[in-house]
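# Breakdown of the fold
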Amino acid sequence: MVTREDAPAGYEGVWRFTAPAADASVPEARHAVRDLLNRQGVPVHDDLVQGLLLIVSELVTNAVRHAALLSPQLAVEVAIGTEWIRVSVEDNHPYRPKALERDYAQTGGRGLLLVREITAEAGGVCDIEHTASGGKVIWVALPLAGAVVTSPRPGPSAL
């Protein structure tokens, strides 16, 4: 028997969409995630939403810039639980990126470093995993209520 305390919240679920590995997909993915959070009524603070949307932008931008040749499509998945939200971007390129060291003279190449910093500041976790098809999925999980994420997926932060 499911009690009221055990029943899932109305905003919980997993949503996935695909997009072409093109520049136009960056704002489209950001808007799709924001619209999903609003439509589902997810109880999330504006600061967390802004950080999450920046993470989505950076991850989709990386897939567009670095994986499009071998992966003309990318997938964005949003999983929402009662205590956390996880967003992931998947492509079919086998290269596993690493966050770069801080180099303020550099004008680019700091996207994953930014993702890692936003995630850590929010008390979340992030990682990169290989897919069965030989590609990769980069995911970030952030707590909804400011508590440390209790692991929507296992594994240490590798970014």
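Turning our attention to the overall build of the protein chain. Summing up its helical and strand segments, the protein chain has three helices and five strands in all. Seen in sequence order, the protein chain has helices and strands lined up from the N terminus as β-α-α-β-β-α-β-β. Within the protein chain, the proportion of its 159 residues that are buried is 43%. Residue pairs in contact within the protein chain that sit at least 24 positions apart in sequence constitute 67% of those at least 6 positions apart. For the protein chain, the exposed area adds up to about 8,700 Å²; of that, 54% sits on carbon and sulfur atoms.

This brings us to the nonpolar core. In terms of nonpolar packing, the biggest core is built from 35 residues, with Val-60 and Leu-74 touching the most fellow members. Of all the secondary-structure elements, those providing two or more residues to this core are helix H1 (25-40), helix H2 (46-67), strand E2 (73-80), strand E3 (84-91), helix H3 (111-121), strand E4 (125-130) and strand E5 (136-143). Ranked by the residues each element gives to this core, the list is headed by H2, at 10 residues.

Right, let's talk about the environment of His-93 for a bit. Tracing the chain through its elements places His-93 in the loop between E3 and H3. Separated by 26 residues in the primary sequence, His-93 and Ala-67 have C-alpha atoms spaced 5.3 Å apart. In contact with His-93, other than residues within four places in its own chain, are His-66, Ala-67, Leu-70, Ser-71, Gly-134, Gly-135 and Lys-136. Separated by 3.0 Å, the side chain of His-93 and the backbone nitrogen of Tyr-95 make a polar contact.

Attention now moves to the confidence of the model for the protein chain. Averaged over every residue, the pLDDT of the protein chain is 85; the share at 70 or more is 79%. Within the model, pLDDT remains below 50 along residues 147-151, and this stretch shows 11 contacts once partners closer than five positions in the same chain are excluded. Here residues 153-157 scores under 50 on pLDDT; set against residues more than four positions off or in separate chains, the count is 10 contacts.

Once that is clear, we can look at the packing of H1 against H2. Axis separation between H1 and H2 bottoms out at 9 Å; the angle between their running directions is 150°. H1 and H2 meet at a crossing whose hand is right-handed. Contact residues: H1 offers Ser-25, Val-26, Ala-29, Arg-30, Val-33, Arg-34 and Leu-37, while H2 offers Val-49, Leu-52, Leu-53, Val-56, Ser-57, Val-60 and Thr-61. Split by residue class, the contact of H1 with H2 holds nine nonpolar, three polar and two charged.

Our next topic: the sheet that holds E4. Read from one edge to the other, the open sheet built from five strands follows the order E1-E2-E3-E5-E4, with strand pairing classed as antiparallel. At either end of the open sheet lies a strand with only one pairing partner, and these are strand E1 (13-20) and E4. Going across the sheet, the axis of each strand differs from the next one's by a mean of 15°, ignoring polarity. This element, H1, spans E1, E2 and E3 of the sheet and lies at about 160° to E1. Of the strands in this sheet, E4 and E5 touch H3, which is tilted by about 30° from E5.

What counts, and at which threshold
Residues numbered from 1 in each chain as written. Predicted model: local features only at pLDDT ≥ 70, side-chain atom pairs only at ≥ 80, totals over all residues. Heavy atoms only, no water. Helix = DSSP H or I, 4+ residues; strand = E, 2+ residues; numbered from the N terminus. Buried < 20%, exposed > 50% of the residue type's maximum accessible area, 1.4 Å probe, protein only. Contact = heavy atoms within 4.5 Å. Areas by Shrake-Rupley, 256 points an atom, 1.4 Å probe, with all protein chains shown as cover. Core = buried A, V, L, I, M, F, W, Y, C linked by side-chain atoms within 4.5 Å. Polar contact = N/O pair within 3.5 Å; in protein donor to acceptor, adjacent residues only side chain to side chain. pLDDT = per-residue confidence, 0-100. Axes fitted to C-alpha atoms, helices over the stretch in contact; angles between N-to-C directions. Left-handed = near helix turned anticlockwise from the far one by under 90°. Nonpolar A, V, L, I, M, F, W, Y, C, P; charged D, E, K, R; others polar. Pairing = 2+ DSSP bridges.

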